[in-house]
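Structure assessment
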Amino acid sequence: MLDTTSKRRRTLLAAAVVAVLVTLSAVAAPLASARPAHEIPVAPATGDLSGPTTDGWEDVPAATVPLASAPSSVPNADQTSVERVHVQAARGDGQLHLRLQWHDATRDVSANETRRFADSVAVQFPVNTSSRPPIAMGGPTNRVNVWYWSGATGTEELLAGGAGSTTRFQNPSVNATAVHRGSGENATWTVVYTRDVDASGANRTTIADDGDVDVAFAVWNGSNSERAGRKAVSEWHYFPFGPGPEGPPYETLLWTVAGIAIVGVVAVTAFGVHRARGGMR
């Protein structure tokens, strides 16, 4: 009888251990790599990030941002061709670097002829980072700061307070370099923006170090007759410019929740073992 009871106890204890391990792997593993929706990580700037193809970008994590046709009244506005843009961000030495990459089979850098349009990309920030403006070029009471690059005209810094209200900064605070590489469907545009973190001036987005900053993206494929309101756009995403290189301690919170769940499983299992022991006496 004692041997049978001992075996039952060992079986119950083994089952408890297995239950805890299964719960730990099921709960903790996804949380270890989880990030909030629409967050784009910001890495410390190390190495050379001066150009689109410099080696330093290999160590910077990338986020894939989905794009969709922007609501617009221009002809064929819903027939855009770029479905996603890969975004990398790094900050250091007083500068913010953004690297955007997307597939585009053709290199369109001229808009001087009828029915020819240039490839372009834009990054949009709220001027007032404490609130989120309308995604379509902001609004009269919450304007947006836009970093715009075109294969035909180069880099511009813009201010907008709604559709049709775009104006150019006379002295842009942002620079951009670009390269088109490859051929066919595998060809890509890669554009790198660089701006001083403390760039001053009215109506210019402040890049803080103690909170999140919203950001959105737009891409135009010139060979698909994309221009003006015919463009592929993202929803609002954000950069976690909080404590540490990856923003607020989001994963710490997740691990805390996971730990509470695991403790709960252990407690329930121990209670079951205790009751089983009582029943065998």
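Predicted model, so just to flag it, every value in this text is computed and none were measured. Along each chain, residue indices are assigned from 1 in the same order as the chain's sequence is written. Reporting of local features is limited, given that this is a predicted model, to residues whose pLDDT is at least 70; pairs of side-chain atoms are given and counted only at 80 or more, and all residues count toward the totals for whole chains, interfaces and linings. By convention in this description, side-chain values take in all heavy atoms of the structure and omit both hydrogens and water.

**As for the pairing of strand 5 (residues 95-103)**
Quick reminder of the rule: When DSSP finds two or more bridges between two strands, those strands count as paired. A run of H or I in DSSP counts as a helix once it spans at least four residues, and a run of E counts as a strand once it spans at least two, with each numbered from the N terminus.
Bridge analysis of strand 4 (residues 84-92) against strand 5 gives seven bridges, and the strand direction is antiparallel. Bridge pairing in strand 5 places arginine 91 opposite leucine 96. Joining the antiparallel neighbours strand 4 and strand 5 is a turn of two residues, in which aspartate 93 adopts a positive phi near 55 degrees. Taken together, the nine bridges between strand 5 and strand 11 (residues 188-196) define a ladder with antiparallel strand orientation. In the strand pairing of strand 11, glutamine 101 is matched with threonine 190.

**Considerations on the pattern of salt bridges**
Let me state the cut-off plainly: Between Lys or Arg on one side and Asp or Glu on the other, a salt bridge is scored when a side-chain nitrogen of the former is within 4 Å of a carboxyl oxygen of the latter. With a 1.4 Å probe rolled over the protein chains alone, any residue whose accessible area is under 20% of its type maximum counts as buried; one over 50% counts as exposed, and the rest are partly exposed.
Evaluated as defined, the whole model comprises four salt bridges. The salt bridge involving arginine 132 is made with aspartate 214; its shortest N-O contact spans 2.7 Å. Remark: aspartate 214 occurs in strand 12 (residues 211-220) and arginine 132 occurs in the loop between strand 6 (120-126) and strand 7 (144-150); sequence separation between them is 82 residues. Exposure remark for aspartate 214: the relative accessible area of 12% places this residue in the buried category. For arginine 168, the salt bridge goes to glutamate 156, with nearest N and O atoms at 2.4 Å. Of the two residues, arginine 168 is situated in strand 9 (residues 167-168) and glutamate 156 in strand 8 (residues 154-160); the sequence distance between them amounts to 12 residues. Judged by relative accessible area, which is 61%, arginine 168 ranks as exposed. By relative accessible area, glutamate 156 is classed as buried at 14%.

**Overview of the packing of aromatic side chains**
Put simply, the test is: Centres within 6.5 Å make a pair out of two Phe, Tyr or Trp rings, where for Trp the six-membered ring is used; the pair is then stacked when the planes are under 30 degrees apart, edge-to-face when over 60, and tilted otherwise. A ring is considered to have a charge above it if a Lys NZ or an Arg CZ atom is located within 6 Å of its centre and within 35 degrees of its normal.
Scanning the model with the defined rule gives six aromatic pairs in all. On the numbers, 4.8 Å between centres and 55 degrees between planes, the contact of phenylalanine 125 with tryptophan 147 is tilted. In this pair, phenylalanine 125 sits in strand 6 while tryptophan 147 sits in strand 7, placing the two residues 22 residues apart along the sequence. Owing to a relative accessible area of 1%, tryptophan 147 belongs among the buried residues under this scheme. Measuring from centroid to centroid gives 6.4 Å for phenylalanine 125 and phenylalanine 239, while their planes differ by 40 degrees, and the two rings are tilted. Taken as a pair, phenylalanine 125 in strand 6 and phenylalanine 239 in strand 14 (residues 237-241) lie far apart in primary sequence, 114 residues in all. Classification of phenylalanine 239 as buried rests on a relative accessible area of 0%. Here arginine 91 stacks its cationic end above the ring of phenylalanine 241, 5.3 Å away from the centre of that ring.

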